[in-house]
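Coordinate analysis (summary)
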Amino acid sequence: MKSIYLFPFILVLATANISVDFSLFQPCPRDFFNCLAGKNINLLIVEILDARGTFNPNFLRSYVFSRDAQIRDFDAIIRVNDTFIPQETSNHLATALPITFNGTIWLHIDNKQNLWSLPIEKRIPYLESFIKALQDLGLKPGVYSSADAWTVVMGSQGAGSDILKAIPVWY
């Protein structure tokens, strides 16, 4: 009887994609990426913009090293701060990304202090404008948050819109 339950679990594990959220601004040697690839990591997610608006100076290096190591997919994280102007930030981001970048830009919604000054009712429209600005530049946005952070920042766990429903969510 136990094998009936165990078989689907093993099947899912065998077909799973393994990814690493690698959001440090510290440079890593090329061998680190080769090691990740050797462990069957096929998605690397690296922070490109922190909550203060500082671009990660090692993002491009991480991108190149991951490609050289044959890591298949590469995504970026923006730590959202509502003082960012969505169109301006998206334009700067588009110029900072490698021309061959085709991953998801994850908009990280967190409830840390000093990230949200807008009233709650204006936060979903703000996020929608960020999503539209990225899409207008041909980029693929997604939302990255936790249930607790989303509830605090957006006012309820079910807060959203049709625009938000149409993009990937990393929850």
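Everything numeric in this text was worked out from a predicted model, so none of it was measured.

1. Considering the pattern of salt bridges
Counted by the stated rule, this structure contains five salt bridges. Between R52 and D50 there is a salt bridge; the shortest N-O distance is 3.1 Å. Among the residues examined, R52 registers a relative accessible area of 72% and is labelled exposed. The exposure class assigned to D50 is buried, which follows from its relative accessible area of 8%. Among the ionic pairs, D73 bridges to R72, the shortest N-O distance being 3.2 Å. Overall, the relative accessible area of 31% leaves D73 in the partly exposed class.

2. What to know about the confidence of the model for the chain
For the chain, the average pLDDT comes to 87, and 85% of its residues sit at 70 or higher. For the chain, the element scoring lowest by mean pLDDT is helix α1 (residues 2-15), at 43; helix α5 (residues 123-136) scores highest, at 98.

3. Details of the nonpolar core
The biggest cluster of nonpolar side chains holds 40 residues, and the ones touching the most others in it are I78, I105, I109, L127, W150 and M154. Secondary structure elements with two or more residues in this core: α2 (30-38), β2 (41-49), α3 (59-68), β3 (73-79), β4 (104-108), α5 and α6 (147-154). The biggest single contributor to this core is α5, with six residues. Once residues lying within four places of it in the same chain are set aside, the contact partners of I105 are A76, I78, L93, L97, L134, L139, K140, P141 and G142. Among the nonpolar cores identified, the runner-up in size contains five residues, and L43, I77, W106 and Y144 belong to it.

Thresholds, definitions, all that
- Residues numbered from 1 in each chain as written.
- Predicted model: local features only at pLDDT ≥ 70, side-chain atom pairs only at ≥ 80, totals over all residues.
- Heavy atoms only, no water.
- Salt bridge = Lys/Arg side-chain N within 4 Å of Asp/Glu carboxyl O.
- Buried < 20%, exposed > 50% of the residue type's maximum accessible area, 1.4 Å probe, protein only.
- pLDDT = per-residue confidence, 0-100.
- Helix = DSSP H or I, 4+ residues; strand = E, 2+ residues; numbered from the N terminus.
- Core = buried A, V, L, I, M, F, W, Y, C linked by side-chain atoms within 4.5 Å.
- Contact = heavy atoms within 4.5 Å.

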